[in-house]
Amino acid sequence: MKFDRFDKILISLLAIAAVALLAYTAQSFPAKTTAIESRSMERELASQARVGLLEKLYSPVTVALQNGQYQEALLKLEEVNIRYPGEAHGFILKGEILYRMGVLDGAAAGFIRGIKLSGDYIDKNSPFSKRDIIAILVEKSLPPAQTAYKNSHSNPALKENLSNLNYLKSRLAGGCE
Amino acid sequence: MRLDRHMMTIILSGLLLGFFGVMLSVWGNPENSGICVSCFIENSAGALGLHNNPRLQYLRPELVGFVLGAFASALLRREFRSRGGSAPLFRFASGFFLIVGCAVFIGCPIKLFLRFTAGDLTSLAGVVGLIVGVWCGLKGLASGVELGRLSPSAAPRGSGLLAPAVFLMFLLFIFISPSFLIASEKGSSAQHAPLLISLAVGLLLGFIAQGSRFCITGSVRDILLMGRRAPLLWGGTAFLATALLVNFISGRFNPGFAGQPGSHQEYLWSFLGMVLVGWLSVLIGGCPFRQLVKSGEGDSDAALVVAGMFLGGALVQGWNLAATSAGVPIGGKIAIIAGFVLVFSGSILLRERE
């Protein structure tokens, strides 16, 4: 292959561009990236802020729940829900309260609404993880729910409960979301 | 069956894909998703900032490995040729709808069989769908639906280097982590095998698959066309048998319909999603995995499919088209129907008539 003058100019420009590219890439290495530029940092800050805010907002509910005052916890939760309807944390707390009260189908429904809004509640390492309690709920409720549905196929409530428990089982099993 | 060198390479491809497909899950990738091209593309699109789902953002090293492994193999075998120029926009749109079909099923054709060999019986609807889709695609080809021939003259010289160059850049991103690159700290993207293992497996599979031309939809196509004489039948069988065996040994075989990882029970939409993937794959000459491998060997048409797949990976998350364990969202159902509109209209318009 023969190179003419135009080729030589292009090759020179290419070499200059490549060197400039390397130089600028080297400048942007993570060591020289300030913390605030990092999206991970921003995300972590937002996550911490959310944890703090939720703890503060729902503290009357969690206190009542920890003291075993389930009816009061439900009332307090309703009060918060008026201001923040549709918040995943509210559904998860409702699920937990109902679970403690022994209302297992209601608990499953609450957990599902929460998890569909935020998968964090089923993650092992999340600060608000309810994975263990959900695993126990599924283990306890699934066999009777299957039997009940087998005995009465036409009952839509039984069908929905079984479907809810299967959804929770699938989320516990992992896989891509 | 003639056990020549090519046949051995095909069988080796199947064995490695089945083995690593399960083992990558054992080493940290999500359950039944050791290898899933569509999931990897959704994750990588998110990592590059193309969608905003904080649970699905991770530049998957396997994906980079597939393309660069194929590139290395094509160079070594002197099979690297820049070629392209046949129905580029149709291929780009097909790439988009390949990911839509996969996202509605939850998995690419490789993951379809990984799910099946782990006992996920909900994937049966997808298996049937894929076979029906490939059969429909073959009927189309037999009736003259033709995207045009790949031509080295239609592609500017060296244009085939662009796809490997882009993936080389992604490889750099993996190691230097520029500030715009995002990595999930929760959700399924936070689950991954160690970086160097993922990359090495990707490179190995890309390298082997380039030589063998192994492809899931290609295997189904050849079996439908040639039956037991199809070499890819043996590669496909090796893949299934190995994946099943490794799933058994690693304690990951849990047969059942309900509560399977990353699955839903909307069988009709699983079926239709895979019909779309099978049909499109036959028209454009390979499943998502094969498109990545072809883009590494200089096929700029396949590179356009890959670009379409990245757009699909971004939009199935951004527009909430992807199915979850809760089922298929209405947007996903509409997108599948739109995909069929593309297939039907494309088949009418691209058909060669006497």
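Residues numbered from 1 in each chain as written. Chains lettered and ligands numbered in written order. Predicted model: local features only at pLDDT ≥ 70, side-chain atom pairs only at ≥ 80, totals over all residues. Heavy atoms only, no water.

In terms of regular secondary structure, chain B is built from 14 helices and zero strands. Helices (α) and strands (β) of chain B occur, in sequence order from the N terminus, as α-α-α-α-α-α-α-α-α-α-α-α-α-α. In terms of overall size, chain B behaves like a compact globule, its C-alpha atoms giving a radius of gyration of 18 Å where 354 residues would be expected to give roughly 20 Å. Structurally, chain B occupies a C-alpha span of about 55 × 45 × 45 Å along its principal axes. (Helix = DSSP H or I, 4+ residues; strand = E, 2+ residues; numbered from the N terminus. Rg over C-alpha atoms; globule rule 2.2 N^0.38 Å.)

Here the focus is the side chain of Ser189 of chain B. All names here are of chain B. Residue position: Ser189 is located in the loop between helix H7 (162-176) and helix H8 (195-212). A distance of 3.1 Å separates the side chain of Ser189 from the backbone nitrogen of Gln57, its partner in a polar contact. Apart from the residues within four sequence positions on either side, Ser189 is in contact with Asn43, Arg55, Leu56, Gln57, Tyr58, Arg60 and Ser184. (Polar contact = N/O pair within 3.5 Å; in protein donor to acceptor, adjacent residues only side chain to side chain. Contact = heavy atoms within 4.5 Å.)

All names here are of chain A. A cluster of nonpolar residues, Phe6, Ile9, Leu10, Leu13 and Ile16, forms a patch on the protein surface that exposes about 500 Å² of accessible area. Tracing the sequence through the fold places Ile16 in helix H1 (residues 5-27). On the basis of relative accessibility, which here comes to 57%, the residue Ile16 falls in the exposed class. (Patch = residues over 30% accessible without salt bridge, like charges linked within 9 Å, V, L, I, M, F, W, Y side chains within 5 Å. Areas by Shrake-Rupley, 256 points an atom, 1.4 Å probe, with all protein chains shown as cover. Salt bridge = Lys/Arg side-chain N within 4 Å of Asp/Glu carboxyl O. Buried < 20%, exposed > 50% of the residue type's maximum accessible area, 1.4 Å probe, protein only.)

In this section: the packing of aromatic side chains. By the definition in use, this model includes 15 aromatic pairs over all chains. Ring geometry for Phe167 of chain B and Phe170 of chain B: centres 5.3 Å apart, planes at 75°, overall edge-to-face. Separated by three residues within a single helix, Phe167 of chain B and Phe170 of chain B lie in helix H7, roughly one turn from each other. Residue Phe170 of chain B is classed as buried on the basis of its relative accessible area, which comes to 9%. On the numbers, 5.3 Å between centres and 80° between planes, the contact of Phe173 of chain B with Phe180 of chain B is edge-to-face. In this structure Phe173 of chain B comes out as buried when scored by relative accessible area, which is 13%. Overall, Phe180 of chain B belongs to the partly exposed group, its relative accessible area being 38%. Ring pairs connect the aromatic residues Phe167, Phe170, Phe173, Phe180 and Phe310 of chain B, which therefore count as one cluster. Just above the ring of Tyr167 of chain A sits the side chain of Lys116 of chain A; from NZ or CZ to the centre is 5.4 Å. The ring of Phe105 of chain B has Arg115 of chain B sitting right over it, with the charged end atom 4.3 Å from the ring centre. (Phe/Tyr/Trp six-rings, centres within 6.5 Å; stacked < 30°, edge-to-face > 60°. Lys NZ or Arg CZ within 6 Å of the ring centre and 35° of its normal.)

Counting residues in each nonpolar core, the largest one holds 97 residues, and the members touching the most others are Ile110, Phe167, Phe289 and Leu292 of chain B. At eleven residues, helix H4 (residues 88-105) of chain B tops the list of elements feeding residues into this core. If near-sequence neighbours (up to four positions away) are discounted, Phe289 of chain B is found in contact with Leu17, Val37, Phe66, Ile110, Leu205, Ala209 and Phe214 of chain B. Ranked by size, the runner-up nonpolar core spans 37 residues in total, among them Ala73, Ala107, Ile133 and Tyr167 of chain A. (Core = buried A, V, L, I, M, F, W, Y, C linked by side-chain atoms within 4.5 Å.)

This paragraph deals with the confidence of the model for chain B. Per-chain confidence: chain B averages 93 in pLDDT, with 98% of residues scoring 70 or above. Predicted complex, confidence summary: ipTM 0.81, pTM 0.90. (pLDDT = per-residue confidence, 0-100.)

Further remarks concern helix H3 (residues 61-76) of chain B. The end-to-end C-alpha distance of H3 of chain B is 22 Å, a good match for the 22 Å that 16 residues give at a rise of 1.5 Å each. Among the residues trailing H3 of chain B, Arg78 of chain B stands out with phi positive, at a value near 55°. (Expected span 1.5 Å × (residues − 1).)

A word on the environment of Leu233 of chain B. Residues and elements named next belong to chain B. Counting through the fold element by element, Leu233 comes out in helix H10 (residues 231-249). Each C-alpha atom, one on Leu233 and one on Gln317, is 35 Å from the other, the two residues being 84 residues apart in sequence. Beyond its immediate sequence surroundings of up to four residues, Leu233 is in contact with Ile223, Gly227 and Arg228.

Below, the discussion takes up the interface of chain A and chain B. Contact residues are listed per partner, giving 23 residues for chain A and 33 residues for chain B. At the boundary of chain A with chain B, total buried surface from both sides reaches about 2300 Å², with 51% on carbon and sulfur atoms. The interface formed by chain A and chain B holds three salt bridges in total. In this structure, Arg55 of chain B engages Asp123 of chain A in a salt bridge whose closest nitrogen and oxygen atoms are separated by 3.0 Å. Where chain A packs against chain B, one counts eight residue pairs in polar contact (both at pLDDT 80 or more). Breaking the side of chain A that touches chain B down by element, the ones donating at least two residues are helix H2 (39-57) and helix H8 (156-173) of chain A. (Buried area = accessible area lost by both parts, 1.4 Å probe.)

This part covers the environment of Ser82 of chain B. Residues and elements named next belong to chain B. Along the chain, Ser82 turns up in the loop between H3 and H4. The spacing of Ser82 and Gly160 is 78 residues in sequence and 4.3 Å in space, taken between C-alpha atoms. Among the polar contacts made by the side chain of Ser82, one reaches the main-chain amide nitrogen of Gly158 at a distance of 3.3 Å. Separated by 3.5 Å, the side chain of Ser82 and the backbone nitrogen of Ser159 make a polar contact.

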